[in-house]
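# Structure assessment
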Amino acid sequence: MVSEKAVSIKQEKAEVYSANEVEYALEEAKSKKFVYSPEEKKLVKKINWTVMPLVCGILFVQFIDKSTLNYAAVMNLYEDTHISQTEFSWLGAIFYVGYLAFQIPNQYCLQRLPISKYLGAILLIWGVCLGLMSLGRNFQELAGLRFLLGFWEASTYPCIFLLISTLYRRQEQVIWFSTMFINNAAATAFGGLIAYGIRSMQGLHGISAWQWCMIIWGVITFLLGIAFFFFLADHPKSRWFHLTPEEELIVEERLRDNTVVQNPVINMAHIKEGLRDPRFYCYLGISFFCNLQNGSVTIFSSQIISQMGFSDLNSILLNIPYGVSIAILLAGAMMASRRWDEIGYVGAAWGMITFLGALLLCVIPGGGGKLSGLYLSASSPIYVMLQTSISSNVTGYTKKIFYTGGNLAAYCVGNFVGPLMMVESTAPRYIGPMIGYMVADILAVVLFLYVRWSLKRENERREKLREEGKIPPSDAARQDIDLTDKEDLNFVYKP
């Protein structure tokens, strides 16, 4: 339930306030520039070095873990397990069935348990599941283990999204959301290089290279789970930050900015409010449409490259520039968003780049020129802008978790359907699937533009109310009240 303070604020918002109070609220809402004090700069650096090495480590490993199937495709997986390409598509897709199945229990656990203990324990389990995939001998065994791998990995992104939303100011979050997916790009690049080395282990101790791939990354994931469980700082005043009394005051001021009030009680009113919000369904649509292409490219990139005429080993190596191109696109989106303080237009613009990638894959028959289409087809920048919009524009602890969970559910469905569109009969050019991805990219662009328009319109409505004196000044203790963005009329959206 909403606290008594929240109810009081709702009752007061129809009253007319003095000119000085209105001016104060209006200036506070319009202010966009922020200058860090030397003390806060020191604090942010402390947060970065305490938390982000662990976060970046697990994001790097997690992406490689789910991409091991991509590398295994050119490491004797087909020969050892006798699966068909259609069954391979299902192995890629069924990961996201497990991912989707865990979203509801994950939302419950995420609100009730400390992130360090919760995610650390899950990392241990999924490391074991990945290692066990090396024992798979047929489609049925591999499919069951891929389902379990997706089931346990489903906790990662919601945990990290919430952690970043809790620890960082809203203007800082786009940097770290972009960094999350730059880690994925680095995993694509360096994962290809590491896979090239693992490929040379074919037959070592009677074990195929694809099995070594599963074993090695399973052990690394397990060890990271131990580190997460004991050493992750998972809340703003964690003992691992060793905060001084002055830094604790800065932390409280930062909490007012990011509007995240950690609350273990699930507030059903927040969920109902989200279900009535058209933007919630737009976010789901963007996530689904952009991840259709992501799901297929993540699983099929090595095979697409191989079908251009490159050898199996070169197909693995050519994933390296693919990862670099993703990092460049992400860095460009991050810089554009920071430079112009913009989310919606940047998401839409990078959606058109993804559309261009699918178009080139469709119209270029083969050869090295087709690689440019593959390298432009990354949907990670769109997804980063989507999550940045959710993190920056949705408040209320339960509501934020609900939106993030919905986003991840749509992410699962998109990544599940995407690989299944790559039917064997359309190989090697996959014209039908590419046309489908292009249509989805355009729809994602349109939804981004609608969300931006609706946020801007709501800001204008609230500004008009301030000018009329119908909104009270922001409560100094606002960080202690778990208000949603709809309840808190002093909240300013970032379109």
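Here the structure is a predicted model, which is why all the values come from computation and not from measurement.

### Quick notes on the overall build of the chain
- In terms of regular secondary structure, the chain is built from 21 helices and 0 strands.
- Relative to its 495 residues, the chain shows a buried fraction of 58%.
- Sequence separation of at least 24 residues holds for 82% of the intrachain contacts in the chain that already meet a minimum separation of 6.
- Of the roughly 19500 Å² of accessible surface on the chain, 66% is carried by carbon and sulfur atoms.

### Details of the pattern of salt bridges
- The full count for this structure, using the stated rule, is 14 salt bridges.
- The closest approach of N and O atoms between Arg462 and Glu458, which form a salt bridge, is 2.8 Å. One end of the pair is Arg462 and the other is Glu458, both in helix α21 (residues 431-467) and 4 residues apart, which spans about a single turn.
- Judged by its relative accessible area of 16%, Glu458 falls in the buried class.
- One network of salt bridges, in which partners are shared, links Glu40, Arg169, Glu172, Glu253 and Arg254.

### Considerations on a nonpolar patch on the surface
- Nonpolar side chains collect at one region of the surface, where Val128, Leu132, Leu135, Val219, Phe222, Leu223, Ile226, Phe230 and Phe231 lie side by side and expose about 820 Å² of accessible area between them.
- If you list the elements that add at least two residues to the nonpolar patch, you get α7 (115-132) and α11 (209-231).
- A per-element tally of the nonpolar patch places α11 first, with 6 residues.
- Here Val219 lies in helix α11.

### Quick look at the nonpolar core
- Residues Val51, Met75, Tyr99, Tyr157 and Met180 are the most contacted members of the largest nonpolar core, which totals 137 residues.
- Top contributing element to this core by residue count: helix α3 (residues 38-72), with 15 residues.
- Those residues in contact with Met75 that sit more than four places away from it in its chain are Ala195, Ile198, Arg199, Gln202, Ala209, Trp210, Cys213 and Ile316.

About the criteria used
Residues numbered from 1 in each chain as written. Predicted model: local features only at pLDDT ≥ 70, side-chain atom pairs only at ≥ 80, totals over all residues. Heavy atoms only, no water. Helix = DSSP H or I, 4+ residues; strand = E, 2+ residues; numbered from the N terminus. Buried < 20%, exposed > 50% of the residue type's maximum accessible area, 1.4 Å probe, protein only. Contact = heavy atoms within 4.5 Å. Areas by Shrake-Rupley, 256 points an atom, 1.4 Å probe, with all protein chains shown as cover. Salt bridge = Lys/Arg side-chain N within 4 Å of Asp/Glu carboxyl O. Patch = residues over 30% accessible without salt bridge, like charges linked within 9 Å, V, L, I, M, F, W, Y side chains within 5 Å. Core = buried A, V, L, I, M, F, W, Y, C linked by side-chain atoms within 4.5 Å.

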